[in-house]
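Take a look at the letters that make up each chain.
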Amino acid sequence: MTIDKFIILRSTCVPLPIENVDTDQIIPARFLKATTREGFGENLFRDWRFDKLNQPVTEFVLNNPVYKGSILVAGKNFGSGSSREHAAWAIHDYGFKAVVSSFFADIFKNNALNNGLLPVQVSASFLSQLFNTISNDKNTEVQISLEEQKITVLSSGKSEYFEINSYKKECLINGYDDIDYLLSIKDKIESFEASRAN
């Protein structure tokens, strides 16, 4: 699997101020038949984006051309429910590179990190301010620096640090999946094995 390097992301945002969004809402179960990661984006939030006649729901944010960008800003407790990895696939395949929320379900967070999607967990107050800023200015740009572990609202300069597993951070910065990482330290592994053999 190819993972894009994630160092600094600067983008406008798509706001989804809904709490407790679960993986079945992110990608409904009837779309889980495929085994490759490609193509899931077209069914992201399918039952919110389209009505029963398959017509776009105009008031849903992904159907609003005013909002665009590669950062999804979501309400508290994002990615709860089943452990399906397809939820992270769908968000990434749609074009999002990061999701910002005040809380992520642990399994979703790990699935996201394993698939090149950065979950940025911020405080409830920072998230609320971010939603308000985006509401007032649809072109609000946010910068996420993975190296610094910092998210910044560029118009106001307000920023906050976020936590990330150091191993996953290194993988994302270098564009590694788990196998790529092992290959990158192959010499160290071989040296260690040689030292044990003596």
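Residues numbered from 1 in each chain as written. Predicted model: local features only at pLDDT ≥ 70, side-chain atom pairs only at ≥ 80, totals over all residues. Heavy atoms only, no water.

1. Things to note about the nonpolar core
In terms of nonpolar packing, the biggest core is built from 54 residues, with F45, F78, V100, F108, L118 and I144 touching the most fellow members. In this structure, V100 is in contact with I71, L72, V73, A74, V120, V122, L127, L130, I144 and I151, ignoring residues within four places of it in sequence. (Core = buried A, V, L, I, M, F, W, Y, C linked by side-chain atoms within 4.5 Å. Buried < 20%, exposed > 50% of the residue type's maximum accessible area, 1.4 Å probe, protein only. Contact = heavy atoms within 4.5 Å.)

2. Points about the sheet that holds strand β3 (residues 98-101)
Read from one edge to the other, the open sheet built from seven strands follows the order β4-β3-β2-β1-β5-β6-β7, with strand pairing classed as mixed. In the strand order of this sheet, the two ends are held by β4 (118-121) and β7 (159-161), each with one partner. Averaged over all pairs of adjacent strands, the angle between their axes in this sheet comes to 25 degrees, without regard to strand direction. Note that strand β5 (residues 141-145) and strand β6 (residues 150-153) share four bridges and pair antiparallel. Note on β6: the bridge partner recorded for Q143 is T152. On the sheet, helix α5 (residues 124-136) packs against β1 (8-16), β2 (71-74), β3, β5, β6 and β7 and is oriented at approximately 115 degrees with respect to β2. (Pairing = 2+ DSSP bridges. Helix = DSSP H or I, 4+ residues; strand = E, 2+ residues; numbered from the N terminus. Axes fitted to C-alpha atoms, helices over the stretch in contact; angles between N-to-C directions.)

3. Remarks on the packing of aromatic side chains
Under the definition given, this model contains eight aromatic pairs. Here F45 and W48 contribute two aromatic rings whose centre-to-centre distance is 5.5 Å and whose plane-to-plane angle is 0 degrees, an arrangement assigned as stacked. Exposure remark for F45: the relative accessible area of 1% places this residue in the buried category. Exposure remark for W48: the relative accessible area of 24% places this residue in the partly exposed category. Seen from the ring of F50, R46 lies directly overhead, with NZ or CZ sitting 4.3 Å from the centre. (Phe/Tyr/Trp six-rings, centres within 6.5 Å; stacked < 30°, edge-to-face > 60°. Lys NZ or Arg CZ within 6 Å of the ring centre and 35° of its normal.)

4. Some thoughts on the pairing of β6
Counted along the chain from β5 to the antiparallel partner β6, the turn is four residues long, and its residue Q149 has a positive phi close to 55 degrees. As judged from the three bridges shared by β6 and β7, these two strands associate in the antiparallel manner. Within β7, the position partnered with T152 by the bridge is S159.

5. Thoughts on the pairing of β2
On a regular strand, each side chain points to the face opposite its neighbour's, so the side chains alternate between the two faces of the sheet. Side chains of β2 alternate between two faces, with I71 and V73 and L72 and A74 buried alike. Note: β1 against β2, four bridges, orientation parallel. Counted as the bridge partner of L16 is A74 from β2. Examined bridge by bridge, β2 and β3 share three bridges and lie parallel to one another. Residue pairing for β3: L72 is matched across the bridge by V99. Note on the crossover from β2 through helix α3 (residues 86-94) to β3: the handedness is right-handed. (Right-handed = clockwise from strand over helix to strand, strands pointing away.)

6. With respect to the pattern of salt bridges
A full pass over the atoms with the stated rule returns two salt bridges. In this structure, R10 and E141 form a salt bridge, with 3.3 Å as the shortest nitrogen-oxygen distance. With R10 in strand β1 and E141 in strand β5, the pair connects residues that are 131 residues apart, well separated along the chain. For R10, a relative accessible area of 53% gives the class exposed. (Salt bridge = Lys/Arg side-chain N within 4 Å of Asp/Glu carboxyl O.)

7. Quick look at unusual backbone geometry
The backbone phi angle of N20 is positive, close to 60 degrees, even though this residue is not glycine. For N20, the location among the structural elements is in the loop between β1 and α1 (23-26). One non-glycine residue, Q149, adopts positive backbone phi at about 55 degrees. Tracing the chain through its elements places Q149 in the loop between β5 and β6.

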